[in-house]
Each structure stands twice: as C-alpha cells, then as structure tokens.
Amino acid sequence: MLKEIFLPLVGHFSFFNIFQYITFRAAYAAVTALFIALLLGPVMIAWLRKQKLGQEIRDEISDIHKSKSGTPTMGGILIILSIVVSVLLWQDIKNIYTWICIATVLGFGAIGFVDDYLKIYKRNAAGLRARFKFISQILLSTAIVIFIYVNGNSETTLLYIPFFKNPILDLSYLYIPFAVFILVGTSNAVNLTDGLDGLAIGLVILAGTAFGILAYLSGRVDFSHYLQIPYVIGSGELTILLFALVGASVGFLWFNSHPAEVMMGDTGSLALGGIIGVVALLIKKEILLIIVGGVFVIEALSVIIQVISFKIRKKRVFKMAPLHHHYELSGWSENKVVVRFWILGGLFVILSLSTLKIQ
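The notes below deal with the structure included here. (Residues numbered from 1 in each chain as written. Predicted model: local features only at pLDDT ≥ 70, side-chain atom pairs only at ≥ 80, totals over all residues. Heavy atoms only, no water.)

Along the protein, the regular secondary structure elements total 15 helices and two strands. Here the C-alpha atoms of the protein give a radius of gyration of 20 Å, agreeing with the 21 Å that 2.2 N^0.38 yields for 359 residues. Principal-axis analysis of the C-alpha atoms gives the protein an extent of 65 × 45 × 35 Å. Expressed as a percentage of its 359 residues, the buried residues of the protein come to 52%. A separation threshold of at least 6 residues defines the contact pool for the protein, and within that pool the share at least 24 residues apart is 74%. Side chains of the protein carry 28 positive and 20 negative charges; the gap between the two charge centres is 5 Å. (Helix = DSSP H or I, 4+ residues; strand = E, 2+ residues; numbered from the N terminus. Rg over C-alpha atoms; globule rule 2.2 N^0.38 Å. Buried < 20%, exposed > 50% of the residue type's maximum accessible area, 1.4 Å probe, protein only. Contact = heavy atoms within 4.5 Å. Lys, Arg positive; Asp, Glu negative; His and termini not counted. Charge placed at Lys NZ, Arg CZ, Asp CG, Glu CD.)

Okay, structure coming up:
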C-alpha cells in the first residue's frame, strides 16, 4: 500500500524512489510486524486470560506439562494480525501473490481458530474432530491450488528437485493433488511440532528466513539465471511477506519462550504452516521444502511411524509422539529439546541454501 501511495510521488520527492526496492520494504515489513507483536502482545495476553482462553493439556503428557495447563492460547491471532497488517503496508497490493498468501494465512488460521475455540469451550484437548479438520484443510488447499493453477504459467506444473537445474517432470493435472498434499502436509507438520515453548516458532523463523532468501533470488532474473534456478516473475514480493512472518514470529517468541506466557495454538501453527507451504509452491521449491523444514518432516514422520507400528505390531517405536515428547520422556529438559531441535533446523537451512550452488 505504501508503495502505491509514495512511489508515484518520486517526481517531486526523489527519496520516495526507495519504495521500489524489495530489500527496503522487506526490512521494514519485518520491523513493523515485530513492533506490532511486541506492542499488542501484553494486551492480547491479558485479554486471553480475562476470557479464560487457556490451554488444555493432553492426559498422557499432563505429568510433565502440568504447569502449562491454563496458559493462554490462540496467540496465533497476534502472529496473523502482525503479518497481515505489515504485508498490506509494505507489499505490492497489485501483486497476485500478495492476495494468495493473505487468503492462505487467514484461511488456515480460521480452521485453527475453530479448533482452538472448541478445545477451550468443551474443555477437551481433542478440539475439532480430526475428520472435519482434515476435510476443511483439503477443501481450502484445493481452492488455493486451483487458483494458482488457473492463474499460473507454463512453469507452474513443472517439478524441480535440488541438485538438478532442469525440471524432471511436468505434473500437468496431477499438480493439483500434489500441491494440495504439500499444503495440508506442511500445515499439519508445523501443527504437530508445536508442543514445547518456543519450539515451532523458532523453527518457523529459520524456515521463513531461508524462504525469504529463496524468494528474493527466484524473483531476480539475474540471480536466478546465475544460480540456474526457476525465475518466477513477481515472486520477489514474497520476500516481504516472509520477512514480515519472521518479524512477527520473533515478536511472538518474546512471549512464547520458556516459560511461555502464551501459546500460538492451532490458530497460529496451521496458518504458519500454510504460509510456508504456499510459498514453496509459488517459487517452485516444493521438494526443497523437505530439507528447509526438515525438523517439521521428522516430527510428522514420527507420528506416522508411531501410529502404523501400533496398529500393525501393537507396539510403540517412541515413548511418545511427536518426537519432541519422546526426548522429554527420555530425560531431556524442555529447553534442551527446543535448542537442539533449533540447531538441527539451522543445519537443514544451511544444507538447503547450499543446494543453490550444486546444480
């Protein structure tokens, strides 16, 4: 919005030319989102406490997380608000990617909000029935993906993988179910990871930073040509969204670090996972997403392995799933689990960025 307001005035005030630069707007989008989160955080936490919107803890982990019961949840509202306001201020509102991403964060956030509300209203940690939650995610993802498909170009359905400079396959119509799987999978993977103070939001900061760099490179014809990665016209604007996400996440981490004053709930985790997933689709980094979000993938796989093993063998592979609870029950402190998973997430980000020069 600010770009549309001030850039036309460059003929009278040359200083306003700075609004054409993505790096400038991305930096201030991060700062704006950070300040919104820091300023509104205490107000929102106080309001959530007043409304008695506290977290319900699963029975099987109540012994180790008993103290968390009643901690204000639905803090994802703060993250979403910070991101959306910052994006509307600093991103190009004429860019189609702006509205795809806003629809994604609001849509997945709405599903998470309903889930959180039911958990609190019914005083039941289960929340929205898994079937309804899953169907809602599929329907929303399908609508988003069809919109991307219809408004895409010849590159949209191509599948790229790390270490190969050329696409290996044109998915054609199969792109739609494939992309829906990416969106639903990513949103749920972040949701499953959100179980310890600061864990998921810290990993989102790392993934958001990585994708912010990738989006900027993908939106520059010179850099994309040099690195031999797909050039996606207009995708540079996604850098602003991603740095707004990072700023909002850092602001939220201020209140979510151990011992957490507020939890993001499904409102935040589903929305953040949705953003990461849709950006991976838009800049053609669907497979690289597996490396960037490596910890999210491992956490999701631990749940899948645990469920399959119990159904087939009637035995558990892990003491508890997702994986972070396994390490807690193995004697690791909560902070140790979080920091070590952050370190692992950082290593995955470094590995993912290193693939840019190995084509």
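More follows now that the structure is in view.
So, on to the packing of aromatic side chains. Within the structure shown, the criterion is met by 15 aromatic pairs. Ring geometry for Phe19 against Phe24: centres 5.5 Å apart, planes inclined by 85 degrees, an arrangement best described as edge-to-face. Taking relative accessible area as the criterion, Phe19 reaches 7% and is therefore assigned buried. Here the aromatic cluster, defined as three or more aromatic residues joined through ring pairs, consists of Phe6, Phe13, Phe15, Phe16, Phe19, Phe24, Tyr28 and Trp90. (Phe/Tyr/Trp six-rings, centres within 6.5 Å; stacked < 30°, edge-to-face > 60°.)

Here we come to the side chain of Thr239. By the element assignment, Thr239 lies in helix α10 (residues 238-256). Separated by 3.2 Å, the side chain of Thr239 and the backbone nitrogen of Tyr216 make a polar contact. (Polar contact = N/O pair within 3.5 Å; in protein donor to acceptor, adjacent residues only side chain to side chain.)

Ranked by internal contacts, the top residues of the largest apolar core, which has 96 residues, are Ile83, Phe211, Val278 and Val279. Residue contributions to this core peak at 12 residues, all from helix α8 (residues 199-218). Discounting chain neighbours no more than four positions away, the residues touching Val278 are Ile100, Cys101, Thr104, Ile144, Ile148 and Leu183. (Core = buried A, V, L, I, M, F, W, Y, C linked by side-chain atoms within 4.5 Å.)

At their nearest, the axes of α8 and helix α13 (residues 294-313) sit 9 Å apart, and the two run at 140 degrees to each other. The pairing of α8 with α13 is recorded here as oblique in orientation. Mapping the contact onto sequence places Leu199, Ala200, Leu203 and Val204 in α8 and Val295, Phe296 and Glu299 in α13. A per-class count over the contact of α8 with α13 returns six nonpolar, no polar and one charged. (Axes fitted to C-alpha atoms, helices over the stretch in contact; angles between N-to-C directions. Parallel < 35°, antiparallel > 145°, perpendicular 65-115°, else oblique. Nonpolar A, V, L, I, M, F, W, Y, C, P; charged D, E, K, R; others polar.)

Per the counting criterion, the structure on display carries eight salt bridges. The partner of Asp115 in a salt bridge is Lys133, and the shortest N-O contact between them spans 3.2 Å. Highlighted residues: Asp115 in helix α5 (residues 96-121) and Lys133 in helix α6 (residues 130-150), separated in sequence by 18 residues. Comparing Asp115 with Lys133 shows no difference in burial state: the two are buried. Residues Arg220 and Asp222 are paired through a salt bridge, measuring 2.7 Å at the closest nitrogen-oxygen approach. Residue classification places Asp222 among the partly exposed residues on the basis of a relative accessible area of 37%. Linked by salt bridges that have partners in common, Asp115, Lys119, Lys133 and Asp266 make up one network. (Salt bridge = Lys/Arg side-chain N within 4 Å of Asp/Glu carboxyl O.)

It is worth stressing that arrangement in space is one thing and function is another; only the former is reported here.
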